[in-house]
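# An overview of the molecular structure
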Amino acid sequence: MFDKLETYLEANKARFEEELIDFLKIASISTDSDFATEVRKGARWVHDQFTQLGLTSEIVETEGHPIVYAESPPVVGAPTVLVYGHYDVQPTDPLEEWESPPFEPVRKNGNIVARGATDDKGQMLTHIKSTEAWIQTIGKLPIQLKFVIEGEEESGSENLRPFLEARKERLAADIAVISDSSQFSATQPAITYGLRGLAYFELLLTGPNRDLHSGTFGGAITNPINTLTKMLAALGDSAGRVQIPGFYDEVLPLSNKERRQFADLAFDEQAFKKQLGVKGLSGEEGYSTLERRWARPTFDINGIWGGYQGKGAKTVLPAKAGAKFSFRLVPNQQGDRIAQRLEQFLKTLLPSGIQMELVNHGHGNSVVVPLENRFMAAAADAIEQGFGKPPVYIREGGSIPVVSDLTEILAIDTLLLGWGRDDDNTHSPNEKFNLADFHKGIKSSLYLWHEIAQKSAASI
Ligand code: BES
Ligand code: MN
Ligand code: MN
């Protein structure tokens, strides 16, 4: 049986790549309403993939962009797997830094370069292509699959929770699978068992009722940009710790065992610095780089504006200033509690001449998947078949809010099987996905459906 399946993958390699290229031409940027038609095209493309395989598929309308939901027939006595992915992508700016246009995919050094290549079109497609291989060669899948492919992941997944809640029974599954993260390195596949959460805010400060001459008024009127920089600076200290009172109250400390496991991974700090073009690293004192990235909370300013940005000098005392900033969260921090504490703290920092508005852009909590989950070994075996090497167990610093929703609403764990690489330029110019990883991902996924069926048969 596996001969047949693998022959199918081999014979269809070139077409799989062509289809990925086709998919990547769709500019499905979810956050920018100018691209709404393209986002819809993305949904349609995914829907067509499923219907061509004979799965029941539906484009589910939401208040925002549609969700594609597809299902294969139930398999008696075998588990059901929910596959989640996203067909939307990040904006392309700064456009001038792309070596080729973001929606004109090109092959380069064994990679495919385009916006969405690794995040998440290429990774998500591996599960559709493995499903195709089963259906076209064997005629059916060894387990039931339910696919939820959304179009708003990169803009906050606002309409996903209501969808999951409304279809709770229909979506019932034994385990979820998501490929939307990375391997440990180019030569070391991984299973991700933890992700950080995210809480995102925007702070707007207003001072005088108009921009003023900084000579006539400066010194007597509170400057919103000066205030903003002070307020933001007060959120962190020089030891890399967030200064909001109570911020660390719920943080679960890393166990010595986990710290040892992180330390045992062959992380090359020199190569990491070199790859990013930095001479030094910094972060919370007392923690290693992997601990800082995977298991400690952070504060980062994501955007800041105000005052004169044009050529030359303009002596202005601006009326307004603003910033976007976010916190990565770890177990057991709760986004809503962090938001409350932040607001209280900012109020204590506000001088009388300035008004503030704090916009909450939402949050997703962190997750840790228990390594004892009964499907973990199936995933490890499948990855070993696909990548030729057993995976290591890692955590990652990014966030996929649906993972905690799946636990809360559907009561299932998620296998996070990342086929990407840390240097794939996710959210950056020249995003890429390695084509060898694409095919290894398809092969792993193909074995995963089998291993999950086997493991559960063994445990009955
Ligand atoms: N695929 C990423 C999440 C990710 C990146 C997981 C790297 C593991 C490693 C996802 O598409 C993403 O970008 N998530 C956002 C959060 C979202 C609410 C916008 C993030 O992490 O910033
Ligand atoms: Mn993603
Ligand atoms: Mn992303």
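Residues numbered from 1 in each chain as written. Chains lettered and ligands numbered in written order. Predicted model: local features only at pLDDT ≥ 70, side-chain atom pairs only at ≥ 80, totals over all residues. Heavy atoms only, no water.

### A word on the domain arrangement of the protein
Worth spelling out the cut-off: These domain boundaries are the output of an automatic or database domain assignment. Whether two residues touch is decided by their heavy atoms; if any such pair falls within 4.5 Å, the residues are in contact. Note on terms: buried area is the combined drop in 1.4 Å-probe accessible area of two parts once they are placed together, counting the loss on both.
Per the domain assignment, the segments of the protein are domain 1 (2-195 + 366-459) and domain 2 (197-251 + 297-363). For domain 1 versus domain 2, the distance between C-alpha centres works out to 36 Å. Listed as interface residues are 7 residues of domain 1 and, on the opposing side, 6 residues of domain 2. Around 440 Å² of area is buried between domain 1 and domain 2 when both sides are counted, 48% of it from carbon and sulfur atoms.

### Some remarks on the sheet that holds strand 13 (residues 320-329)
Stated precisely, the cut-off is as follows: Only strands joined by at least two bridges in the DSSP assignment are considered to pair. Under the DSSP-based scheme used, a helix requires at least four consecutive residues in state H or I and a strand at least two consecutive residues in state E, with every element numbered from the N terminus. In this analysis an axis means a line fitted to C-alpha atoms, helices contributing only their contacting stretch, and an angle means the value between N-to-C directions, from 0 to 180 degrees.
Strand order across the open sheet formed by 4 strands is 11-13-9-14, with antiparallel pairing between neighbours. Two strands lie at the open edges of the sheet, namely strand 11 (298-306) and strand 14 (355-364), each paired on one side alone. With direction set aside, neighbouring strand axes in the sheet form an average angle of 15°. As defined by bridge partners, strand 11 adjoins strand 13 across 8 bridges and the pair is classed as antiparallel. Each bridged residue has a counterpart across the sheet, and for T298 the counterpart in strand 13 is R328. Docked against the sheet, helix 5 (residues 224-234) engages strand 9 (197-206), strand 11, strand 13 and strand 14, running at close to 15° with respect to strand 13. Packed onto the sheet, helix 9 (residues 335-349) meets strand 9, strand 13 and strand 14 and runs at close to 165° relative to strand 14.

### Here's the deal with the coordination of the manganese ion (ligand 3)
Put simply, the rule is: Nitrogen, oxygen and sulfur within 2.8 Å of a metal are treated as its donors, or within 3.2 Å for sodium, potassium and calcium (Na, K, Ca); water is not counted, so a site can appear incomplete. Under the classification used here, a metal with four donors is tetrahedral if each angle lies between 85 and 135 degrees, square planar if opposite donors are over 155 degrees apart and the others between 65 and 115, a six-donor metal meeting that same test is octahedral, and anything else is irregular.
The coordination sphere of the manganese ion (ligand 3) contains the protein donors D119 (OD), E154 (OE), E154 (OE) and H427 (NE2), at a distance range of 2.1 to 2.6 Å. Here the manganese ion (ligand 3) is ringed by 6 donor atoms whose angles at the metal span 55 to 155°, and the overall shape comes out irregular. Mapped onto the polypeptide sequence, the residues donating to the manganese ion (ligand 3) form the spacing pattern D-x34-E-x272-H. Metal-to-metal, the separation of the manganese ion (ligand 3) and the manganese ion (ligand 2) is 3.6 Å; D119 coordinates the two.

### Observations regarding the packing of helix 2 (residues 36-52) against helix 3 (residues 117-137)
Just so we agree on the cut-off: The scheme is simple: roughly parallel for angles under 35 degrees, roughly antiparallel for over 145, roughly perpendicular for 65 to 115, oblique for anything else. The crossing is said to be left-handed when, going from far helix to near helix, the turn is anticlockwise and less than a right angle, and right-handed when the turn is clockwise. Polarity classes work like this: nonpolar for Ala, Val, Leu, Ile, Met, Phe, Trp, Tyr, Cys and Pro, charged for Asp, Glu, Lys and Arg, and polar for all others, with Gly in that last group.
The N-to-C vectors of helix 2 and helix 3 enclose an angle of 20°; their axes lie 10 Å apart at closest approach. The angle between helix 2 and helix 3 places the two elements in the roughly parallel class. With respect to the hand of their crossing, helix 2 and helix 3 are arranged in left-handed fashion. Note on element contacts: helix 3 touches helix 2 through M124, L125, I128 and K129, opposite W45, V46, Q49 and F50. Grouping the amino acids of the contact of helix 2 with helix 3 by side-chain chemistry returns 6 nonpolar, 1 polar and 1 charged.

### Notes on the site of ligand 1
Short version of the rule: Throughout, near means a residue has at least one heavy atom within 4 Å of the molecule or strand. For the purposes of these results, a polar contact is taken to be a pair of N or O atoms within 3.5 Å, where, inside protein, one atom must be able to donate a hydrogen and its partner to accept one; residues adjacent in sequence count only when each atom of the pair is a side-chain atom. Only the protein chains shown count as cover for residues, and all accessible areas are computed by the Shrake-Rupley method using a 1.4 Å probe.
Surrounding ligand 1, one finds 14 residues, the nearest of these being E153, D180, R328, S399 and H427. Within the side chain of R328, a nitrogen or oxygen atom sits 2.8 Å from an oxygen atom of ligand 1. In this structure, H427 approaches ligand 1 through a side-chain N or O atom, which is 2.8 Å from an oxygen atom. In isolation ligand 1 has 520 Å² of accessible area, and contact with the protein removes 83% of it.

### Observations regarding the side chain of E154
The condition is simple: Buried means the residue's accessible area, taken with a 1.4 Å probe over protein chains only, is under 20% of the maximum for its type, while exposed means over 50%, and partly exposed covers the values in between. We treat Lys and Arg as the positive residues and Asp and Glu as the negative residues; His and chain ends play no part in the count. Salt bridge criterion: a side-chain nitrogen from Lys or Arg within 4 Å of a carboxyl oxygen from Asp or Glu.
Tracing the sequence through the fold places E154 in the loop between strand 6 (144-150) and helix 4 (160-166). Buried E154, no salt bridge; nearest opposite-charge side chain is R115, N-O distance 7.5 Å. Reaching out from E154, the side chain makes a polar contact with the side chain of H427 at a distance of 3.3 Å. Not counting residues up to four positions away in its chain, the partners in contact with E154 are S30, H86, D88, V89, Q90, D119 and H427.

### A word on the coordination of the manganese ion (ligand 2)
Octahedral metals with six donors have ideal donor angles of 90 or 180 degrees. Tetrahedral metals with four donors have an ideal donor angle of 109.5 degrees. Here the manganese ion (ligand 2) is held by H86 (NE2), D119 (OD), D180 (OD) and D180 (OD), and the distances to it run 2.0 to 2.3 Å. What the 6 donor atoms of the manganese ion (ligand 2) show is an angle range of 58 to 168° at the metal, which sorts the shape as irregular. Every donor residue of the manganese ion (ligand 2) comes from the same chain, spaced as H-x32-D-x60-D.

### A word on the pairing of strand 3 (residues 80-86)
Here strand 3 lies mainly inside the structure; 7 of its 7 residues are buried. Here strand 3 shows two buried faces, one formed by T80, L82, Y84 and H86 and the other by V81, V83 and G85. Bridge analysis of strand 3 against strand 6 gives 7 bridges, and the strand direction is parallel. Along strand 6, the bridge assignment pairs V81 with L145. The sheet contact formed by strand 3 and strand 7 (residues 175-178) spans 4 bridges and is parallel. Bridge assignment links V83 to a residue of strand 7, and that residue is V177.

### Considerations on the nonpolar core
Applied cut-off: The criterion is simple. A nonpolar core is a set of buried Ala, Val, Leu, Ile, Met, Phe, Trp, Tyr and Cys residues joined through side-chain atoms within 4.5 Å.
Counting 94 residues, the largest nonpolar core has V46 and W449 as the members making the most contacts within it. Top element by residues in this core is helix 12 (residues 435-459). It accounts for 9 residues. Leaving out residues up to four positions away in the same chain, V46 has contacts with F23, V68, Y87, M124, I128 and I149. Counting 26 residues, the second-largest nonpolar core is a separate cluster that includes Y248, F327, A339 and L346.

### Focus: the sheet that holds strand 5 (residues 111-113)
Spatial ordering of the open sheet is given by 4-5-18, a layout of 3 strands whose pairing is antiparallel. Looking at strand neighbours, the two that pair on one side only are strand 4 (106-108) and strand 18 (432-434), the edges of this open sheet. Looking at each pair of strands side by side, their axes are set apart by 30° on average, direction ignored. In the sheet, strand 4 pairs with strand 5 via 3 bridges, with the strands oriented antiparallel. Along strand 5, the bridge assignment pairs K108 with N111. Strands strand 5 and strand 18 of the sheet are contacted by helix 3, whose axis makes an angle of about 40° with strand 18.

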